[in-house]
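Below are the chains, spelled out letter by letter.
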Amino acid sequence: MRTQNSKNKDKSIKDILSSNKKKKSKIILSLPRVIIFLIVATITLSVGFIFKPQLENLINKSNLAVTDASVIDENGLTVHFVDVGQGDSIAIRFPDGKTMLVDAGTSASKDSLLDYLTTKFFKNDEKIFDYVLLTHSDADHCGGMAMICENFIINRIYRPYAYCIKNEIDETNGDSNNKTIVTTATYYNTIKAFKSEINSFGESAEMIWTDLSTVNSTHKIEGLNYSIDFYAPTENYITKSAGTVANDYSPIMVLNYNSKRIMLTGDASTTSEENAMQNASLPDVDLLKVGHHGSKTSSSEKFLKQIKPEIAVISVGKDNSYKHPTTEALNRLTAVGAQIYRTDLNGTIIANVTSDETVKLNVVVGVQSNNQTVYIHVEYIMAGILILSLTLCFGIKLKV
């Protein structure tokens, strides 16, 4: 004879089984559900692919850069935006091992620049710069250049059309007509050091004016699968500028490698940007070194819409008296979807274009660590939305 407890137990098991059967989901097809899913899928895919850069920048606010330098492909193109405070200094290693320095920061930052170049950039390599380029005569770009000449071998020097007159140096030969004259001590020390530089062949370093016809032809910087194209300055004698005339001697130039483009602009103002756009068709770029430390007189809306940078690097000093970068410049960069990095916030920034067929542009900031940040692609989000939509539309029986 069964006890009451046995009957209750059997009943409980039946209830559980019955409940489980009810919980089993079934694929439910109906016209309204199909229409809803198709609408969601269409919107998701359209928005995802049309606004892919902007959405990925928004999702990866802090994830685009990594702090693990091991991602750097030494066989690719590597650009070091060295933190020199309120100034510029950019060290470049090309895929064939040749090296280049663009500007040398301020005199106050020369010791830290020397330390970085010696211990981080060259390490144990022979300390030779195949190319050194001075964008213009301002002290926050040429302040450490004499130190560079003292401590490194330079084979070829590119310099602005700014003539030095000071002490024993008169580069105009007494004729200053239609020439920009600079008489500062910092520029004098730079030009004096340039004129005394001995290259790796025991000869005087070749010194070249940054004239477009010269730097794009007879003295073009190029090698296997890489090159530099110059778009500015378009004139050798500059009479007007949105900022200062000296700034617009800064070359606007593009490093091309493995289908990626990195644009360097020195302190070029909107005047130089406009001249460059009128003179040539500027390409879309993957990374922009923002002009004049993020000044409002550089990086115009028209210029940014033309080059469409995905990444923007601003070389700027912390709490600087110029209030760089300005809100105007930051807003314009954000409006075109550029992910912004700043040396005052991120320290030295390294951009690396890989040599493999996948072609990645990695950005490395801060100190080295073993924690590599994961970059979230829009495709991941779209897949998640579509899976969720499928489940909701066809996997759950709605109660009416």
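See the structure printed just above.
Residues numbered from 1 in each chain as written. Predicted model: local features only at pLDDT ≥ 70, side-chain atom pairs only at ≥ 80, totals over all residues. Heavy atoms only, no water.

J.: Requested: an account of the overall build of the chain, with residues and values cited.
T.: If you tally the helices and strands in the chain, you get 13 helices and 18 strands. By the burial criterion, 48% of the 400 residues in the chain qualify as buried. Here the contacts in the chain between residues at least 6 apart in sequence split such that 68% fall between residues at least 24 apart. Carbon and sulfur atoms make up 53% of the accessible area of the chain, which totals about 20400 Å². (Helix = DSSP H or I, 4+ residues; strand = E, 2+ residues; numbered from the N terminus. Buried < 20%, exposed > 50% of the residue type's maximum accessible area, 1.4 Å probe, protein only. Contact = heavy atoms within 4.5 Å. Areas by Shrake-Rupley, 256 points an atom, 1.4 Å probe, with all protein chains shown as cover.)

J.: Can you explain the packing of aromatic side chains? Please cite residues and give values.
T.: Following the criterion strictly, the structure yields 10 aromatic pairs and no others. Every member of this aromatic cluster is reached through a ring pair, and the members are Phe121, Phe122, Phe129 and Phe152. Geometry around phenylalanine 121 places arginine 93 over its ring, the cationic atom sitting 4.9 Å from the centre. Of note, lysine 179 hangs over the ring of tyrosine 163, and the distance from its end group to the ring centre comes to 5.7 Å. (Phe/Tyr/Trp six-rings, centres within 6.5 Å; stacked < 30°, edge-to-face > 60°. Lys NZ or Arg CZ within 6 Å of the ring centre and 35° of its normal.)

J.: Which residues make up unusual backbone geometry, and what values go with them?
T.: For residues that are not glycine, phi is negative in most cases, and the peptide bond is trans in most cases. For the bond running from alanine 232 to proline 233, omega is 5°, close enough to zero to count as cis. Within the secondary structure, proline 233 sits in the loop between β11 (226-232) and β12 (252-257). Cis rather than trans, the peptide bond between histidine 324 and proline 325 has omega equal to -5°. By the secondary structure assignment, proline 325 is in the loop between β15 (311-314) and α11 (327-335). Positive phi is not limited to glycine here, since lysine 308 has a value of about 50°. Looking at lysine 308, the relative accessible area reads 46%, which means it is partly exposed.

J.: Tell me about the sheet that holds strand β7 (residues 169-170), and please be specific about residues and values.
T.: Spatially, the three strands line up as an open sheet ordered β7-β6-β8, and their pairing is mixed. The strands lining the two open edges of the sheet, one partner per strand, are β7 and β8 (180-182). Relative to β7, strand β6 (residues 162-166) is paired through two bridges, and the arrangement is antiparallel. Among the inter-strand pairings, lysine 166 is bridged to a residue of β7, identified as isoleucine 169. Contacting β6, β7 and β8, helix α7 (residues 185-196) runs over the sheet at an angle of about 100° to β6. (Pairing = 2+ DSSP bridges. Axes fitted to C-alpha atoms, helices over the stretch in contact; angles between N-to-C directions.)

J.: Which residues make up the packing of helix α2 (residues 31-50) against helix α13 (residues 378-394), and what values go with them?
T.: It is at 10 Å that the axes of α2 and α13 come closest, and there the two elements cross at 175°. Here α2 lies roughly antiparallel to α13, going by the angle between them. Residues Arg33, Val34, Ile36, Phe37, Val40, Ala41, Thr44, Leu45, Gly48 and Phe49 of α2 pack against Val378, Glu379, Met382, Ile385, Leu386, Ser389, Leu390, Leu392, Cys393 and Phe394 of α13. Class assignment of the residues belonging to the contact of α2 with α13 gives a composition of 15 nonpolar, three polar and two charged. (Parallel < 35°, antiparallel > 145°, perpendicular 65-115°, else oblique. Nonpolar A, V, L, I, M, F, W, Y, C, P; charged D, E, K, R; others polar.)

J.: Just give me the short version of the sheet that holds strand β18 (residues 361-365), but keep the residues and values in it.
T.: Backbone hydrogen bonds hold the strands of a sheet together, and the pairing may be parallel or antiparallel. The mixed open sheet is built from eight strands, whose spatial order is β9-β5-β4-β3-β2-β1-β17-β18. Across the chains shown, the open sheet's two edge strands, defined by having one partner strand only, are β9 (206-209) and β18. For this sheet the average axis-to-axis angle between neighbouring strands, irrespective of direction, equals 20°. In this structure, strand β1 (residues 77-81) lies alongside strand β2 (residues 90-93), joined through four bridges in antiparallel fashion.

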